[in-house]
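# Coordinates in review
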Amino acid sequence: MAALQLEKQRGRYAALAIAAVVIVVGIPLWWKTTETYRAWLPFSEISELDSLQLQLSVDIEVVFSRGTLTPEQQKKFPLSHVNEKEHQLHHKTEFSCGSVVVYVIPESSTLLPEDVKVYVGQRRTALLRSPPFKTSWNLKEVLSNLDVEVEQVVSTMSFGHQDIVAALSNRVRMTKVTKESMADSMRAIKSSPGYEITFSLLNPDPKSHSLHWDIEGAVQSYIQPLLNKLAPIANFSVDSQILYYAVLGVNPRFDNSVSAYTLSADSLSHVINPVEARLGSNAASSNPVLNFLLYVPDAHHSPLFIRDHSKRKVPSNAFHSPRWGGIMVYNVNEMYGPEAERPVDININMAKVMGVFLAQLRLMLGVQHTHPPTGFVLQSPGSAGLADWELDRLLWSRSVENIATASTTITSLAQLLDQIGNIVINDNIAQQVSSAVTSLQSAVAELEAGNLAFALQYSREAILASERAFFDPSLLHLLYFPDDQKFAIYIPLFLPMCVPIVLSLLKIVSEAKKRRADKQAKSD
Amino acid sequence: MDYYNLLTTCAFIHLLVSIPYAYSNYVENKAGQFFSSGHTNNWAVLVCTSRFWFNYRHVANTLSVYRSVKRLGIPDSHIVLMLADDMACNYRNPKPATVFSHKNMELNVYGDDVEVDYRGYEVTVENFLRVLTGRLPPSTPRSKRLLSDDRSNILIYLTGHGGNGFLKFQDSEEISNMELADAFEQMWQKRRYNELLFIIDTCQGASMYERFYSPNLMALASSQVGEDSLSHQPDLAIGVHLMDKYTFYLLEFLEEVHPASQANMNDLFKVCPQSQCVSTPGHRTDLFQRNPGSVLITDFFGSVRKVEITKDTINLTSSLKPLIQRSGSGDMQIESLTYVDQLPVAEIIHQNAIQGLSYSIMTEGTPVNF
């Protein structure tokens, strides 16, 4: 009897010991080994990014030229504001990126013609004819009188409310959309670290025309200056090709009134698709491609003109498609007579062609048409094809767009990683995320301070890091197990083991209860 | 009489005046419609998930949708075609290099212009999800990527064997509807699509779109939960069923659509009613912003580009830089290029002569002449 009791006691201890081992050692071990490795991410800072408050400041310098202010007013100005410098308007002065200098000239000055109020120069400067003001005003009143005009100038040269809203359209869908602003936002290509520009010459009739185009020279002379100027925004790679026997997918109609073939505006949209099948693209990069096609019509369908919606002739003879590129039709029928020996050697006038392509490239890259208020005159862009302040406009909208995109990417990545607990977060992803967050914070700070160049650089770094983190191949959540599948896996493993333990524990507990009840009964 | 003439001439003049006005209005409306759909490019992801010869019909399904999509204008560079098995060059195909969709071999959907991006065992759940979410390794070529942006309309077509809430890939793995919904949500978070049309032709296909929760999704399925999608007709010469019913009637519908057609989604919903399909096709439009009646078929199946006339040009006055200046610092020595000798005989003889010499030095024997 005593031996039996001892056996039973030993059995009880054994069961308790096993249960203890399972609970104390087994469960933590199982938890640890089935955990997914998740490196630490700065979730708090990311949630701060969600409510992004952007503050953009522009450095404006207002210079009063001699004769604008009466001597009494000049005397009334505090000394610190008076800089009586013989400030000659040097053409070569480099003003820092993002700043605007406004020179105020006297009302009666003859520098500007009568009806012109503002002349916007190429390099971030503007001449403003001062509005009439009383001689008794002090500095503050003079400046506040100029406020409206200066604001107009700055919104033309830097950014206005609409531009920033358009740049943020990725993050904040515009509620009130005007057709023009939507068209603008759809036309410009999205911000990307690099772009590929391809120039193609389409020669459907090599038997009649032997075309020569000096594309390398043209790119070096005309396109490369623009791309060099746009270097802070993205990397550009340019290539070119010649396609023979490539036809447009649409049959042009012969118009008797001008004895030429015409393509109507409605049929233009069907031209691109058959051609696109033949255009190659660089397989090595995933950068967006901008195609510029030069089509020389075959001898039987020359000359070929494009008509717009109101059946008028288009002077440039070219059309473009948003985010894709442009096509120009170049007629060569006037360059040779009917008796010329086929194939005719033809040198293409690259200046004319590049003029059109440059204009289309500007539109594709987002250099918006500025609609300045009345009384404004804009200096022509010059050899680079892009005025400094136009570049500034692009930089402002690009940095805002980059910041918006990067912050959206980071916040959605954090949300995704939070939601799906099974994704492994490697160290390199955590590092990319942290660097993206710090770059974003720096970019926002630089925008606030008004340093546009640094802001753009930080925003580019932020977007690169965030894209790399989001699109990392290791973040694939193939570990999606619905709950019933999890049960189906664990039950055959753990149930046979747990049932004896649980039952023996229950038996121990019930025996202990019975003994206590017996003891109670005995003691009573 | 005169009064009558006057009235008719007045009416005629009025008509003449109002017609151009109405026409310009129409043109304005057309122009407005161009930008109303909000997309600038189209992509298509067409997936066939089953292998083995008896699943010929799934490959034919996918290829017929591929053919329609290409005919309506989407270029190969914008189509990701995933075929899990090669039926055209299968050993059991009595007519090699063809895949037919109609019996009596009426229509060969394989053609000679098919570009398959993922073939055979490359069609896996992982690759499919990687293509959708964009998480491909950096070495993936351009043709295997879905490079869509926030203004792309994407068409996704899946076919194969499926069940309630899953789709079978390659007879060895499955994708669940939750995974698919999560993948679409990730696409939305990264703005990889403007609008997405999801078509699935499997048994119990409607279960696959039940769990979608991202905006701008429209889904069509060939059968409801609990129903089977049936195949259409066998061809006795080839020996297998050629197409599934739903896709067969879808193909017939799409053959009538041309790039300028105005057919809209409501017509697509009517494709293959129960009398023809035996199963009940379903669709889901609650996540879609626009009214399906205003969505053109070509918004997803075709690729109608928006074009604008280039109005401004830049006057370039500087002439091209002459060639000499452009070569940069230092003249480039242009050497004439020749082919490398395939068998460098001279080197072999020279080398062996040296070896022979050293050998003869070491062994003091007669040198061997080669």
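No experiment lies behind these values; they were computed from the predicted model shown.

## Comments concerning the pairing of strand 7 (residues 173-176) of chain B
Residues and elements named next belong to chain B.
- Across four bridges, strand 6 (residues 166-169) lies against strand 7 in antiparallel orientation. Each bridged residue has a counterpart across the sheet, and for Leu167 the counterpart in strand 7 is Ile175.
- In this structure, the hairpin formed by strand 6 and strand 7 is closed by a connection of three residues, where Gln170 is found at a positive phi of approximately 60°.

## As for the UniProt feature "transmembrane region" (unreviewed entry) in chain A
- Per the UniProt record, "transmembrane region" (unreviewed entry) is found at residues 12-31 and 487-506 of chain A.
- Its end C-alpha atoms 28 Å apart, residues 12-31 of chain A is made of 100% helix and 0% strand.

## Comments concerning the side chain of Thr310 of chain B
- Residue placement: Thr310 of chain B occurs in the loop between strand 11 (308-309) and helix 8 (323-326).
- Classification of Thr310 of chain B as buried rests on a relative accessible area of 1%.
- Excluding its chain neighbours within four sequence positions, the residues that come into contact with Thr310 of chain B are Val314, Ser316, Ala318, Phe319, His320 and Gln360 of chain A.

## Description of the state of the cysteines
Residues and elements named next belong to chain B.
- Taken as a whole and judged by the stated rule, the model has one disulfide over all chains.
- Note that Cys272 is cross-linked by a disulfide to Cys277, the S-S spacing being 1.7 Å. Here the S-S torsion is close to 100°, and the disulfide linking Cys272 with Cys277 is therefore right-handed. This pair shows no difference in class: Cys272 is buried, exactly as Cys277 is.
- Its sulfur unpaired, Cys89 is 15 Å from the next cysteine sulfur, which belongs to Cys48.

## Comments concerning a positive patch on the surface
Residue and element names in this part refer to chain A.
- Among the surface-exposed residues, Lys513, Arg515, Arg516, Lys519 and Lys522 lie close enough to one another that they form a single positively charged patch.
- Here Arg515 is to be found in helix 13 (residues 483-523).
- The exposure class assigned to Arg515 is partly exposed, which follows from its relative accessible area of 46%.

## Quick word on the environment of Pro141 of chain B
Residues and elements named next belong to chain B.
- Tracing the backbone through its elements, the reader meets Pro141 in the loop between helix 3 (125-133) and strand 4 (152-159).
- Since its relative accessible area comes to 34%, Pro141 is described here as partly exposed.
- Measuring from C-alpha to C-alpha, the distance between Pro141 and Asp117 comes to 9.9 Å, with 24 residues separating the pair along the chain.

## Regarding helix 13 of chain A
- Between its first and last C-alpha, helix 13 of chain A extends only 52 Å over 41 residues, short of the 60 Å set by a 1.5 Å rise per residue.
- Ile491 of chain A marks the point of greatest bend in helix 13 of chain A, at about 45°, and the proline Pro492 of chain A comes within the next four residues.

## Things to note about the pattern of salt bridges
Residues and elements named next belong to chain B.
- Under the counting rule described, the total for this entry stands at 22 salt bridges over all chains.
- One salt bridge connects Arg290 with Glu195, and the closest N-O pair in it is separated by 2.9 Å. Taken together, the positions of Arg290 in the loop between strand 10 (282-284) and strand 11 and Glu195 in strand 8 (residues 195-201) put the pair 95 residues apart, joining distant regions of the chain. Each of the two residues, Arg290 as well as Glu195, counts as buried.

## Quick notes on the UniProt feature "active site" (unreviewed entry) in chain B
All names here are of chain B.
- Residues annotated in UniProt with the feature "active site" (unreviewed entry) correspond here to His161 and Cys203. A stretch of 43 residues holds the annotated residues, and the largest C-alpha distance among them is 6.4 Å, short enough that they meet in one place.
- By secondary structure assignment, the location of His161 is in the loop between strand 4 and strand 5 (162-163).
- A relative accessible area of 26% means that His161 is categorised as partly exposed.

## Re the packing of aromatic side chains
Residue and element names in this part refer to chain A.
- Under the counting rule described, the total for this entry stands at 19 aromatic pairs over all chains.
- Between Trp30 and Phe494 the ring centres are 6.3 Å apart and the planes differ by 85°, which places this aromatic pair in the edge-to-face class. Of this pair, Trp30 sits in helix 1 (residues 2-33) while Phe494 sits in helix 13, and the two are 464 residues apart along the sequence.
- Taken together through their ring pairs, the aromatic side chains of Trp30, Trp31, Tyr490 and Phe494 make up a single cluster.

## Digging into the confidence of the model for chain A
- Averaged over all residues, the pLDDT of chain A is 81; the fraction at 70 or higher stands at 85%.
- Note on residues 79-92 of chain A: pLDDT under 50 across the span, and eight contacts to partners over four residues away in sequence or across chains.

## A word on the side chain of Ser279 of chain B
Residue and element names in this part refer to chain B.
- Relative to the helices and strands, Ser279 is located in the loop between helix 7 (274-277) and strand 10.
- A residue is classified by how much of its surface remains accessible, and Ser279, at 3% relative accessible area, is buried.
- In terms of polar contacts, Ser279 uses its side chain to reach the backbone carbonyl oxygen of Ser222, at 3.0 Å.
- Each residue touching Ser279, except ones within four places of it in the same chain, is listed here: Ser222, Ser223, Glu227, Asp228, Ser229 and Gln274.

## A short note on the packing of helix 2 (residues 43-50) of chain A against helix 10 (residues 388-419) of chain A
All names here are of chain A.
- Interaxial distance between helix 2 and helix 10 falls to 9 Å at its minimum, and their mutual angle equals 130°. Put simply, helix 2 runs oblique to helix 10. For the crossing formed where helix 2 meets helix 10, the hand is left-handed. Contacts between helix 2 and helix 10 involve Phe43, Ile46, Leu49 and Asp50 from the former and Ser407, Ile410, Thr411 and Ala414 from the latter.
- In the contact of helix 2 with helix 10, the residues fall into five nonpolar, two polar and one charged.

## Concerning the interface of chain A and chain B
- Listed as interface residues are 73 residues of chain A and, on the opposing side, 57 residues of chain B.
- When chain A packs against chain B, close to 5700 Å² is buried across both sides, 57% of that on carbon and sulfur atoms.
- Here chain A and chain B share four salt bridges between them.
- Of the charged contacts in the structure, one is a salt bridge between Asp150 of chain B and Arg323 of chain A, with a shortest N-O distance of 3.2 Å.
- Applying the counting criterion to the chain A and chain B interface returns twelve residue pairs in polar contact (both at pLDDT 80 or more).
- Sort the elements by how many residues they give to the side of chain A that touches chain B and helix 9 (residues 350-365) of chain A lands first, with nine residues.
- Across the side of chain A that touches chain B, the residue classes break down as 32 nonpolar, 27 polar and 14 charged.
- Bridge count for strand 12 (residues 318-321) of chain A against strand 11 of chain B is two bridges, and the pairing is antiparallel. Residue His320 of chain A lies in a different strand from strand 11 of chain B, and its bridge partner there is Glu308 of chain B.

## A word on a nonpolar patch on the surface
Residues and elements named next belong to chain A.
- On the surface, Val21, Ile23, Val24, Val25, Ile27, Trp30, Trp31, Ile489, Leu493, Phe494 and Met497 cluster together to form a nonpolar patch covering roughly 1100 Å² of accessible area.
- Elements that contribute at least two residues to the nonpolar patch include exactly helix 1 and helix 13.
- Its place among the elements puts Leu493 in helix 13.

## What about the pairing of strand 6 of chain B?
Residues and elements named next belong to chain B.
- Side chains of strand 6 alternate between two faces, with Leu167 and Phe169 buried and Phe166 and Lys168 left unburied.
- Bridging between strand 5 and strand 6 involves two bridges; their strand directions are antiparallel. Each bridged residue has a counterpart across the sheet, and for Gly163 the counterpart in strand 6 is Phe166.
- If you look at the hairpin formed by strand 5 and strand 6, you'll find two residues sitting between the two strands, and Gly165 has a positive phi there, around 95°.

Thresholds, definitions, all that
- Residues numbered from 1 in each chain as written.
- Chains lettered and ligands numbered in written order.
- Predicted model: local features only at pLDDT ≥ 70, side-chain atom pairs only at ≥ 80, totals over all residues.
- Heavy atoms only, no water.
- Pairing = 2+ DSSP bridges.
- Helix = DSSP H or I, 4+ residues; strand = E, 2+ residues; numbered from the N terminus.
- UniProt positions renumbered as here; feature names shortened; annotations may be inferred.
- Buried < 20%, exposed > 50% of the residue type's maximum accessible area, 1.4 Å probe, protein only.
- Contact = heavy atoms within 4.5 Å.
- Disulfide = S-S within 2.5 Å.
- Patch = residues over 30% accessible without salt bridge, like charges linked within 9 Å, V, L, I, M, F, W, Y side chains within 5 Å.
- Areas by Shrake-Rupley, 256 points an atom, 1.4 Å probe, with all protein chains shown as cover.
- Salt bridge = Lys/Arg side-chain N within 4 Å of Asp/Glu carboxyl O.
- Lys, Arg positive; Asp, Glu negative; His and termini not counted.
- Charge placed at Lys NZ, Arg CZ, Asp CG, Glu CD.
- Expected span 1.5 Å × (residues − 1).
- Bend = angle between axes of the 7 residues up to and from the residue.
- Phe/Tyr/Trp six-rings, centres within 6.5 Å; stacked < 30°, edge-to-face > 60°.
- pLDDT = per-residue confidence, 0-100.
- Polar contact = N/O pair within 3.5 Å; in protein donor to acceptor, adjacent residues only side chain to side chain.
- Axes fitted to C-alpha atoms, helices over the stretch in contact; angles between N-to-C directions.
- Parallel < 35°, antiparallel > 145°, perpendicular 65-115°, else oblique.
- Left-handed = near helix turned anticlockwise from the far one by under 90°.
- Nonpolar A, V, L, I, M, F, W, Y, C, P; charged D, E, K, R; others polar.
- Buried area = accessible area lost by both parts, 1.4 Å probe.

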